[in-house]
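Close look at the chain arrangement
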Amino acid sequence: MSGEARVVAFECLRMSDVDRVGGKNASLGEMIGQLAGAGIRVPGGFATTAAAFREFLAHDRLGERIEARLAALDVDDVATLVRTGAEIRGWVAQAPLPPGLEADLRAAYEELDASSPGASYAVRSSATAEDLPDASFAGQQETFLNINGIDNIIHAIREVFASLWNDRAIAYRVHQGYAHAGVALSAGVQRMVRSDLGAAGVLFTLDTESGFDQVVFITSSYGLGETVVQGAVNPDEFTVSKRTLDAGRGAILRKTVGTKAVKMVFADGRSAGRSTATVAVPEADRTRFSIGDDEVVELARAAVAIERHYGRPMDVEWGRDGSDGKLYILQARPETVKSRETGAELRRYRLKGASTVLASGRAIGQKIGQGVVRLVKSAAEMDRVRAGDVLVTDMTDPDWEPVMKRAAAIVTNRGGRTCHAAIIARELGIPAVVGCGDATRTLAEGAEVTVSCAEGDTGHVYAGRLEVEIADVALDRMPPCPTKIMMNVGNPELAFAFRRLPNEGVGLARLEFIISRNVGIHPKALLEYATLPADLKAQIAPRIAAYGDPVEFYVAKIAEGVATIAAAFWPKKVIVRLSDFKSNEYGNLVGGQRYEPHEENPMLGFRGASRYLASSFYDCFALECRAMKRVRDEMKLTNVELMVPFVRTLAEARGVNELLAKNGLKRGENGLRVIMMCELPSNAVLADRVLEHFDGFSIGSNDMTQLTLGVDRDAGGAIASTFDERDDAVKAMLAMAIEACQRKGSYVGICGQGPSDHPDLAQWLVDRRIESMSLNPDTVVETWLDLAKRAGSSRPEPAPG
């Protein structure tokens, strides 16, 4: 061998050494040398070089034997690929190291052991073509944890070298156009963090499903991080706003507690393959978050510092040492899927039918796939999967990559959004629903199903082949629109995706949708939790366990939902309508039947401002106010404005403003605007006087039509056709409201269903110079283009594909 080093300490490496030690090890050295001042802790170690690897292959002409064996291999013949890979790995694992390389490894270990006597080590691969910006080799080579002593480390290094010929790695190189001989392997030997006594996980410096780059997405579970990476657990999840990191805990937009059923810990054996064990997590720990809010924020700050240093979105593995309580960065590599999307065109999938939901889990991607269920228990059955099948299994191993690309969709019992299966599914552009828990039991072999990841964070598997609508939007070729188009957003899980549609913000975020999805429990039941009957308390307890206090659960989950929408659309306005549940809808929440009256016509009953002002509901409304104040003041999302629904009288208009002020939401303070939903004829008739108490109107065309024409909005039969927002009487009411706002210089928009359903009504509103129209997301583009065309602009060219 030439004078080039075989083994190099991490602290001597920089990103300029990628060709010597691969992206992963070069990045460790870069962070140790350049980011320690930013508070980034990276455990030390050393790496073998590409030159050492090539010396190993040249020793006894091992490399020539391997190349000859691969020359005629068809990687799409899975059975032959499996046999060939196993044969080559056997050769490599048994080959002796060249004497010079072994001597250098022993010297490097001796120096490392002197500073950390008795420490255990992780031995990981770092391919010289791995973790480059245009290729994700993540997880394709082996990792060995809790390795102790130089003899065991040398054995693990040989196993790492052998893993360059894993089935998935061989196939991946062929499909990506990498020559086998052009990829060298570096083994990184890194001091282990005792996350077996703490927690670990993966984070991304963008949202993994939508590509939204203003958040950090963090997963966490107890024990070593391999369970998260492998998909063996459903981890906790946290989404943190980059913009408001200075707000500390207030930067956490939302968090979800995972089941975390198992954890990986150190075992007594310290050699490769016998160094770790997977054990059950105690029930009490499963319902709690595995890391605290302060640690979430510290990780997010570290993530932003790493991203800023590298100048691109990053994928980072981290661990919390249970001995010293500190957080450490274990790996950092470029994110290679969402960051490569141009953003100029948007393809949206939408289900047009409905059927029985057979399984649900975490949605990976935003597509919809359909096919025949293929239940696969192990890698030995991979040949059964045909092109277009839906692959269903307990947990996909990255070894399955050659067969995963055949699938129309992937469904697993276990795993989270950062596991290998999820990463590979995103890279292949295949929808996946992971962490279903029972998919292998509820999905039948040979059954036709539709796998939808287009409905938010939760993915669903539906019985049968449902009709699917696919729409392509050329975002960079939208013509000017004659009015502001805003959106109605009720599901926070879709906010990051919806933000890509052309828009001027959110004209209607329905708080009752957030309460129903995020909370699902009547607020009174949480306020009176201590005195509830045992059966009801048992029903509520698992939902609130991670938050400790039942009232804090209610406030936090509302704040998380609103904050997610507000952060997605920042700095554009997000108008949040305070809860407008009717008594029957509140009654459907857990515990609701204890507190809600029976009303023959809830649409005209105990709702809106009347409910807020009622002494029986005051403490419940106060919780809503506390959540809104948290979003605006603590989370720094001052783009949130409030909207009061169903205000019947001037006395209610005055009273609700006084009530908001009493709860810390005074109109005008900290830039707060309070809008009223103009949806009763009385609102339009007395518009000038009502506007003395509000900063403007957002017209609710549904209730306005119902109450003007005296026809139930849900009516069927002979009078169904009478419900029409375009009726002259309804238009007269709308005109009165619009003109009153214009006289006073107040905001006026519309957020009802009318403009979404009727293009001619949308044009009528434009002609009346309405300030904005808030539409359902699926009608935004068509309404925008229709209004632009009517205004004389040309429709853009359709997007390719």
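Above this text sits the structure in question.
Conventions and cut-offs
Residues numbered from 1 in each chain as written. Predicted model: local features only at pLDDT ≥ 70, side-chain atom pairs only at ≥ 80, totals over all residues. Heavy atoms only, no water. Pairing = 2+ DSSP bridges. Helix = DSSP H or I, 4+ residues; strand = E, 2+ residues; numbered from the N terminus. Axes fitted to C-alpha atoms, helices over the stretch in contact; angles between N-to-C directions. Contact = heavy atoms within 4.5 Å. Expected span 1.5 Å × (residues − 1). Buried < 20%, exposed > 50% of the residue type's maximum accessible area, 1.4 Å probe, protein only. Phe/Tyr/Trp six-rings, centres within 6.5 Å; stacked < 30°, edge-to-face > 60°. Lys NZ or Arg CZ within 6 Å of the ring centre and 35° of its normal. 1 Å grid on protein atoms, 1.4 Å probe; cavity = no way out; pocket = protein on both sides within 12 Å on 5 of 7 lines; lining within 4 Å. Points joined across faces, edges and corners; volume = space filled by probe spheres on them.

This part is about the sheet that holds strand S27 (residues 674-678). With parallel pairing, eight strands are arranged side by side around a closed barrel as S23-S24-S25-S26-S27-S28-S29-S30. Taking each pair of neighbouring strands and ignoring which way they run, the sheet shows an average axis angle of 30°. Here strand S28 (residues 696-699) pairs with strand S29 (residues 747-750) via four bridges, running parallel. When the sheet's bridge partners are listed, serine 698 is paired in S29 with glycine 749. Packing of helix H18 (residues 550-569) onto the sheet brings it into contact with strand S23 (484-488), strand S24 (506-510), strand S25 (574-577) and strand S26 (640-644), and relative to S25 it is tilted by some 160°.

Between its terminal C-alpha atoms helix H10 (residues 293-310) stretches 26 Å, which fits the 26 Å expected from 18 residues at 1.5 Å a residue. Among the residues of H10, Glu295, Val296, Val297, Leu299, Ala300, Ala302, Ala303, Val304, Ala305, Ile306, Glu307 and Tyr310 are the ones counted as buried. Immediately downstream of H10, the backbone of glycine 311 shows phi near 70°, a positive value.

We now examine the packing of aromatic side chains. Scanning all chains against the criterion turns up 11 aromatic pairs. The interplanar angle of 70° and the centroid separation of 5.9 Å between the aromatic rings of tyrosine 109 and tyrosine 121 together place this pair among those described as edge-to-face. Remark: tyrosine 121 occurs in strand S3 (residues 121-127) and tyrosine 109 occurs in helix H5 (residues 99-115); sequence separation between them is 12 residues. Just as tyrosine 109 is buried, tyrosine 121 falls in that class too. Taken together, the ring pairs connect Phe53, Phe56, Phe161 and Trp165 into an aromatic cluster. Lying over the aromatic face of tryptophan 91, arginine 65 brings its terminal NZ or CZ to 4.5 Å of the ring centre.

Let us look at empty space enclosed by the protein. Tallying each qualifying case throughout the model produces six cavities of 30 Å³ or more. Looking at the largest cavity, its volume works out to about 150 Å³. What lines the largest cavity is a set of 15 residues, and nearest its centre among them are Arg124, Leu145, Met192, Ser195 and Leu330. Secondary structure elements with two or more residues in the lining of the largest cavity: S3, strand S5 (185-191) and strand S12 (314-320).

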